[in-house]
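Commentary on secondary and tertiary structure
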Amino acid sequence: MQQHILISGASGLIGSALSTHLARLGFAIHRLERDNAAAPFNYSSASKQVTLDHSISLSAVVNLAGPSIADGRWTARRKQELLESRVDITTAFAAALAAAPQPPALFLSASAVGFYGESTLPLNEEAPAGNDYLASLATRWEAATGPAKATGWNSGPDAEPGMPLSPEKKNYHNYTTSSHSSLPAPASNPPSPTTPT
């Protein structure tokens, strides 16, 4: 029997690669739509609520919502957008999943390595949060999963990835051409970023 996985942020760099990879493994992939009431899984930016199609039994939910922090200057408005886009959707997601008659076996929500702030010391997952903007954003992002975690079912760990790089995105080229980078330059025919390695 085919398992169903719901992904928010499925069109992003990580989400698109993950969707392609899981689909190749045989999973049925569903995307969380935004402001599309006809979609089986939808987030309303007006009501700040997530609606779920309970006729589809989900095995897992992966929450990757939020625009890239590197796609614009960190003006006060941009910083508020980065915060709200993550916290609001995650809060709504967690509340909807907590109230679902048959919640998925796993709810995995993204966070960021920025949770730990700047440090010259080695850090592990037991290290406390930092005190800069990114740490504050990540702390509130992780806290937004609270309604799901409070139900006692498996909400999974908060994933705290570093900067994702892709040979087809300018962040890879900018990083590899930096004088501070030791990564190899992109190949003339780089592999697709959605190809699992």
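Scroll up for the structure.
Values in this document were obtained by computation on a predicted structure and should not be read as measured data.

The rules behind the values
Residues numbered from 1 in each chain as written. Predicted model: local features only at pLDDT ≥ 70, side-chain atom pairs only at ≥ 80, totals over all residues. Heavy atoms only, no water. Helix = DSSP H or I, 4+ residues; strand = E, 2+ residues; numbered from the N terminus. Expected span 1.5 Å × (residues − 1). Contact = heavy atoms within 4.5 Å. Pairing = 2+ DSSP bridges. Phe/Tyr/Trp six-rings, centres within 6.5 Å; stacked < 30°, edge-to-face > 60°. Lys NZ or Arg CZ within 6 Å of the ring centre and 35° of its normal. Buried < 20%, exposed > 50% of the residue type's maximum accessible area, 1.4 Å probe, protein only. Right-handed = clockwise from strand over helix to strand, strands pointing away. Polar contact = N/O pair within 3.5 Å; in protein donor to acceptor, adjacent residues only side chain to side chain.

**Considering helix α1 (residues 13–24)**
In this model α1 runs 17 Å from its N-terminal to its C-terminal C-alpha over 12 residues, within 8% of the 16 Å that 1.5 Å per residue would give. The inward-facing, buried residues of α1 contact β1 (4–8) and β2 (28–31). Looking one or two residues beyond α1, the residue adopting positive phi is glycine 26, at roughly 105°.

**Some words on the sheet that holds strand β3 (residues 33–34)**
Note: strands within a sheet are paired through backbone hydrogen bonds, in either parallel or antiparallel orientation. With mixed pairing, the 3 strands of this open sheet are ordered in space as β3-β4-β5. Strands at the two margins of the open sheet, each flanked by one partner only, are β3 and β5 (49–51). Two strands pair when backbone bridges link them, and strand β4 (residues 42–44) and β5 are joined in this way by 3 bridges, in the antiparallel orientation. Bridge pairing in β5 places asparagine 42 opposite threonine 51.

**Section: the packing of aromatic side chains**
Following the criterion strictly, the structure yields 1 aromatic pair and no others. For arginine 86, the ring lying beneath its charged end belongs to tryptophan 141, and the centroid distance is 5.0 Å.

**Let's talk about the pairing of β1**
Of all 5 residues in β1, 4 are buried, a share of seventy percent or more. With 4 bridges connecting them, β1 and β2 associate as parallel partners. Note on β2: the bridge partner recorded for leucine 6 is histidine 30. Between the parallel pair β1 and β2, the chain is carried across by α1, and the sense of this crossover is right-handed.

**A word on the environment of alanine 150**
The residue alanine 150 is located in the loop between α4 (146–149) and β8 (158–159) in this model. Distance from alanine 150 to alanine 98, taken between C-alpha atoms, is 8.1 Å for residues 52 residues apart in sequence.

**Some details on the pairing of strand β7 (residues 106–110)**
Alignment of strand β6 (residues 58–63) against β7, held across 4 bridges, turns out to be parallel. Residue pairing across strands places valine 61 opposite phenylalanine 107, the latter belonging to β7. Taking the sense of rotation as the criterion, the β-α-β connection linking β6, helix α2 (residues 76–99) and β7 turns out right-handed.

**Some remarks on the side chain of serine 19**
Secondary-structure assignment places serine 19 in helix α1. Within the structure, the side chain of serine 19 is placed 2.8 Å from the backbone oxygen of glycine 15, a separation counted as a polar contact. Other than its neighbours up to four places away in sequence, serine 19 contacts Ile7, Ala10 and Ile29.

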